[in-house]
Structure formats: structure tokens, C-alpha cells
Amino acid sequence: MEVEKVSEETLKEISREMFVVRDTGVKEEGERLLELQIGPAHPGSGHMRILAWVDGDIVVRCDPDIGFVHRTIEKLSENRAYIKTIPLVERPSLLDTTPMTIGYVNAVEKLMGLEVPPRARYLRTILAEITRIASHFYGIGILSIFLGHSTGYMWAFGDREIMIELATMLTGARITYAYVIPGGVRRDMPQNFPDQLEKGLRYIERRLKEWEKIFLMNPVVERRLRDIGILKPEIARIYGVTGPNLRASGVDFDVRMAEPYEAYDEIDFMIPVAEEGDAYARGLVRFKEIEQSISIIRQALKKIPDGEIISPQISRLFNPLMKKIYSESRRVKLPSLMATLKPPKGEAVARVEAGRGEALFHIVSDGSPNPYRFRFVTPSFRNVILFKYLIPGHRIADIPAIYGSLDYFPPEADR
Amino acid sequence: MMVVLGPISIPGRFIYDFFHVFILPGFLVLLIAVILLIWAERKIAGLVQLRYGPLYVSRRIGGALQLVADLIRYSFQEFIIPERADRIPFLTAPALALLFAIVPIAFIPIAPGIAPPINTSSNLLIVLAVLAVAPIYVVLAGIASDNKFSFIGSLREVFLIISYEIPFFISILSIAMIFRTLDLSELVYLQSSLLWGALLNPVAAIAAYIAILRITSRFPFEISEAESEIVMGPYTEYSGLMYGVSMGISYIKLYIYSLLYTIVFLGGWLPFQGGMGFVGDYIIGSLVIIAKASILMLISVFLRAVYPRYRVDQAIRLGWSTVFILSIVSLIWSLVVSYLVGRWL
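Since the model is a prediction, treat every value here as computed from it, not as a measurement. (Residues numbered from 1 in each chain as written. Chains lettered and ligands numbered in written order. Predicted model: local features only at pLDDT ≥ 70, side-chain atom pairs only at ≥ 80, totals over all residues. Heavy atoms only, no water.)

## Points about the confidence of the model for chain B
Of all residues in chain B, 95% have pLDDT values of 70 or greater, and the mean over the chain is 84. Quick note on the complex model: pTM equals 0.87, ipTM equals 0.82. (pLDDT = per-residue confidence, 0-100.)

What follows is the structure, given as C-alpha cells:
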């Protein structure tokens, strides 16, 4: 894709023109402004602070203040073996962990030149889509409770539980799976997993119809979300917005399509795109993505080949006990060499489409057991800028509506 | 009539009034109604939302103990007064709001042939006037808290209450206009000879019901206490028992407004006509009226499971553009009906 260079003046001009959604008649500065510090301990703020300057009920200026859940994943990883960073990268975005591990592991695999067997790639894809559904349900739940729709909140968290149970069945862990390892996956799927998965997917499909009745077609929800926080496609492009928020503005970009990783190039799916760019469209796109994820999982289950789940480059290092465990229960015990994995000198970049958007991983290796530098760009960090531009001109009550519609997850930005 | 208890003789009227104020529509039933209402709200919402919580504490009695537990917790929690708050208004405002929400009980008749403790020929007006005072103290509570969120929350409450109380009063008075009386007991009596208020003027019934939903902070109009937007509205700084009281006011108001609505629109204790003596009338009449009011209250709390909340400007616009117009239409409708009824009679 060709990148267009934009000067700062143009950017400011565009900002002035584009971001004023409504002419509020309120001046930027003045005595009438009241500064509201929403958060970091406010029911509607999450782990962040939103500084809002309001005139009456209208927000004139809004600054997101992030950094309240600092984790320093990048710095920590520089003192750790490569393999030990896998559980670390899934911490920031606790709700869709697998895409993050896939991204990191892909970068490590690129560094080391590891080939991943097809079965492992399909398993990764299935788990990534399961976590995507769970993540979208989480986002929808938060949007619902921000609107005061407690039924939506409880339903979303209840439905999310189905996907989490399925993922638990596959990986053995509830949230932080660390299922993806360099060269493959940690274990094969259990015998009854496809049946259970199909059952779960059918349940979700049935629920989506009920969701449509109670949430999407709810007149109050429509009035709260329609024409709120309109993000124009050109602005979305300039500011590097990503994920469903970008696609809700009519930009058809998805890493799974643009730069397929894992098994996505062998699966037929479409990317839901909405034109309006408002809060309702962002919610709608996530619902449509859930439908697409269901279809991806079904296809992947149908197409999944038999065979190894770990690269032969790693499995030949197995000792007899590991081989026995692998052949009997299809579980991978990593050889001790992995603890002091020394990839050759070089750099590797990998990007993935996580639930909230594109995540980018950049590893610089100097040949030692620890990465020399690990840089990790999360989707929420790229989307947080929207608070500054979407909220002004709206009312205080729209702050949670826009926040929820962005599916912003504060810890993900503070990595 | 005098009731003789040993050496003391008590006037019968005193016993009636005591019964009225402290037991039947009064404090005891009010407290039970509020507790059951909150319980029902939890159960209904829990049923729709697939929650397990409301069943957790006392499974055998449907989780009702949870409310008692909450009440105890609120009662023993430390009550913190913010340093910069205006102490006296801060402390008295919720109490006065509560008082003005309860006082109408003394004016509302509950059974056929039995007058309320304070019986005047313009009960209806007095009840409306007393109910109209309560919001002032809610606003005072918000302003005295010295908190920006409370302040904004109280301003929202002012806007909203003004835009919904006026349509409510107009639509109630339009029924009074049909029957040409302001006496609540007589209103019910006249409905028995003609038709229920809601049937004579359905527009007024709809407008008044929407207004009740807003005045008592039910969904989709639970805007002044919007948690995700402004924490708890005017009550952000209240803790402990005062928080419990602030929470309870909207339920008490719902009870009072439902009683009023039942009398004006749903024929009060009709179809029961009385004539079973004092005890029979009191018990059956009030059971009928409370049953009708309970259905109203249950519908009101059920809406929590369906709707999110409106934005403040949308709710105000709805109030002035739709509900207010509806109430004006109901006034005109009442003029026509009252003319026709006058000719029939």
C-alpha cells in the first residue's frame, strides 16, 4: 500500500475540519469550562483517566491519559529467554491472547527459519478465532453496560464463557493459553473437541439472533449510538486506526486478508465493512465479525489435516521420554535447548489481526539467548488517539458510548 | 365512636389514622413494598439476564435475604461527609426528599368509604404539590456535595424532572377535569359510575405512565444516577445509610406514584365497591388497589432488563416534544369527553 505523506499543517487543518462532528457553538477556552477528571477510579473509565472539559453538558476537549497499568513487557522481555516471553505478550491484551502469541511466535519463527506443520497452523487459526469471538463479546458487553444495558452485559459475558470453555478444552488454560510455541502448538485437540466446538458455535449462532432483537434493534440503543462519534475514513487512515474501528469507517483492511498468516490464505471468508463510521457501525461490525469467525472455525475444522503439530526441526531434539509423551498423548514437551534458544543475528517483523486490530511485533536479535530489543505495537494503543478526536462536540453521556464502541482496553495500550 | 381499652378510651378515628399511616398504605407496607420491589427487580432482571447472583445467599426463599444483608451493610457502614461539603444541606437534603416522598400517604385514600387521615376536597392537588417539592432537595443534595459529578448529576435531574413532571401533572389533571373533582375518593366513586380513567382518556394514561418512569428513575430514563457517566448523580458522595436512603427514594416514589396512578387511571379499589364493614372494606379495598399498583411497579422494574438509558438531551427532547404534547392532547380530549359526559349525565 502506498503511504501518503501528510504535513503537519494539513493534518491540523484536517483535524479542525473533520473532527468537529457538530458545531456546538462553544469556544475552545473560556470561563464556562469545567474540568472533569473521569477516572482512574470511575465506573465509566476503566484503568485510565479521561480528562474532559465540559461546557454544561457538552464536551469541548477530551484527553485520554493512559499508563495506569504499566507492565513494561518490552523491557522485561530483554532480560528473558525467547520462550519465556510468550506468556508475557498475552498479558496486555488478556481478552484475545492467542493472536498476540501468534504474532510473537511468528516473528521468532521468522528469525529462526522454522517451518510450522499445517495441522499446527490450523489449530492456531481455530484458537485465534475462538478468542476473537470471546474478545468481541467482551467489547459488546462493555458497550452495553456503558449504555446502561445490563442485559447485554450479562449476556455477552455469559456467551463469552462458552468460547472460553472451548478454548480451555483445547489448551488446558482458561485465559492465558500460551498455546502457541515456536514451531507448532503445545498440544493436539482432544477427541471430542470438534463436536463440542460445533455445539458451541451453534449456540452462539442462535444467540446472535436474540442479540439482534434485544441489542441491535433496540430503539434506545440505536438512538444512543447512531451518528455518535463519526470517524471518517480519511482520518482513520491518517491516524493509523486499526481493527473493527477502521473497517466500520469503510476502509477494507484486515491483516488476515492483506498479509495472510497461519491458515487464513486457505480459508474463504470475508471482511465485514460498514460505511457509516459511527458508534453503531462499530458495534455492528463486531457482530458481523463474530459470524465470520464462526464460518472460519467451521472451515478450518473441516480442512484440518492430520499430521504433526510440531516442526520436525524441534521434534528431532526430543529425548525418548518426550517422544513417548508426544506419541501417546500428543503433548509437546519442549526440549531444554529451547530455554536457551539462540536465534541467529537479525531482525524479524510479524503482524497479526487481533480482536481489536492489527498488532505488530518487531524483534531484534544479537545472537544471545535474550532478544536485544523487542518492540510490540498493540491495537488499543493505536486507537486511543480517537478519544481526543471523536468525543469533543458530544455530550458527557456520549463519552461511555464512544468509549465502549471503540472496544478500547486500557492494559493493552500500556505494554 | 370510641374504642375502650381498659381504663383508656381511644377515639376510633385515631385508630383508623394510625392504621392508615403506619400500616396499610403507610410505613410498614411501604417498607415491605420497597423491599419486595427491589427483590423483584433483581429476580426479574436475573431471570432475563441469566444471573445466578440473586439466588446465592438464601436459596430457599429465593435470595430474599440478600436485601436484608444489604440493608445491614448500609446501616453499619461508615458515613463519610466530604470535608468541603456544605454539612447541613448535605445531611438534611436526602432526609427531606424522603419525607416529601412519603407525606402524600396521609392524603391518599385506600379503601371505599374510608377517608384518608387528612381529608380535604382537593386531595389530588395537595398530593401533586407535595410530590413536586421533593426534587428540590435532590438538587440541594447534589450541590451541597461539592463534587463536579454530583453537581452535573443534580443539574440533569432538574432538567429531567421539570420536563416530565409538568406533563404528568397535566395528564392527571385532565382526568380530574372529566370528573370535575379534585377529591381522590370521589374520583374513584365517579369512575365506578362511568368508566375507568385510562379508558376515558388513554392518551393521558400513556403520558402519565411514561412520566412516572422518568420521575422515579426507571429505565430507559435512569439518567440522573447513570453510573458509567456521572457515578451516582446527585448522590455520588453519599455513603452508608444515607446512600441506602438515597437509593430507596426512587422506589418509594414509585410506590406513591403507582398508588396515585391506580386511583386516577385504574379505578382504585374498583370493581370492589365496599359495604363489608370497616375491616372488610379496609382489607379488600387496599388489597385490590395495592395489587393494581404492584402490576404497574413490576412492569416499571421489568424495563431494566430490556432498555439501556437514554441520553439526557434525548430524554428531555422526548419529554417536551412527545410526552408534553401527549399531555396537551389529553387535556383537549378531556374537554371533549367532559362535554359529552356532561350531556349523558
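## A few points about the sheet that holds strand 1 (residues 34-38) of chain A
One open sheet accounts for three strands, arranged 1-2-3 (chain A); its pairing is antiparallel. Each end of this open sheet is capped by a strand with a single partner; those strands are strand 1 and strand 3 (58-65) of chain A. Ignoring which end each strand starts from, the neighbouring axes of this sheet average 20° apart. In the sheet, strand 2 (residues 49-55) of chain A pairs with strand 3 of chain A via seven bridges, with the strands oriented antiparallel. Residue pairing across strands places I50(A) opposite P64(A), the latter belonging to strand 3 of chain A. Contacting strand 1 and strand 2 of chain A, helix 6 (residues 148-179) of chain B crosses the sheet at an angle of about 110° to strand 1 of chain A. (Pairing = 2+ DSSP bridges. Helix = DSSP H or I, 4+ residues; strand = E, 2+ residues; numbered from the N terminus. Axes fitted to C-alpha atoms, helices over the stretch in contact; angles between N-to-C directions. Contact = heavy atoms within 4.5 Å.)

## Observations concerning the packing of aromatic side chains
All names here are of chain B. Tallied over the entire structure, the rule returns 35 aromatic pairs over all chains. Both rings, one in W320 and one in F324, keep their centres 5.1 Å apart while their planes meet at 65°; by these two values the pair is edge-to-face. Within this pair, W320 and its partner F324 are both found in helix 13 (residues 312-344), separated by four residues, close to a single helical turn. Overall, W320 belongs to the partly exposed group, its relative accessible area being 35%. (Phe/Tyr/Trp six-rings, centres within 6.5 Å; stacked < 30°, edge-to-face > 60°. Buried < 20%, exposed > 50% of the residue type's maximum accessible area, 1.4 Å probe, protein only.)

## Brief notes about the environment of G367(A)
Residues and elements named next belong to chain A. Structurally, G367 is set in the loop between strand 7 (357-365) and strand 8 (373-377). Among the residues examined, G367 registers a relative accessible area of 27% and is labelled partly exposed. As for G367 and P344, which are separated by 23 residues in sequence, their C-alpha atoms are 5.0 Å apart. Excluding its chain neighbours within four sequence positions, the residues that come into contact with G367 are K342, P343 and K345.

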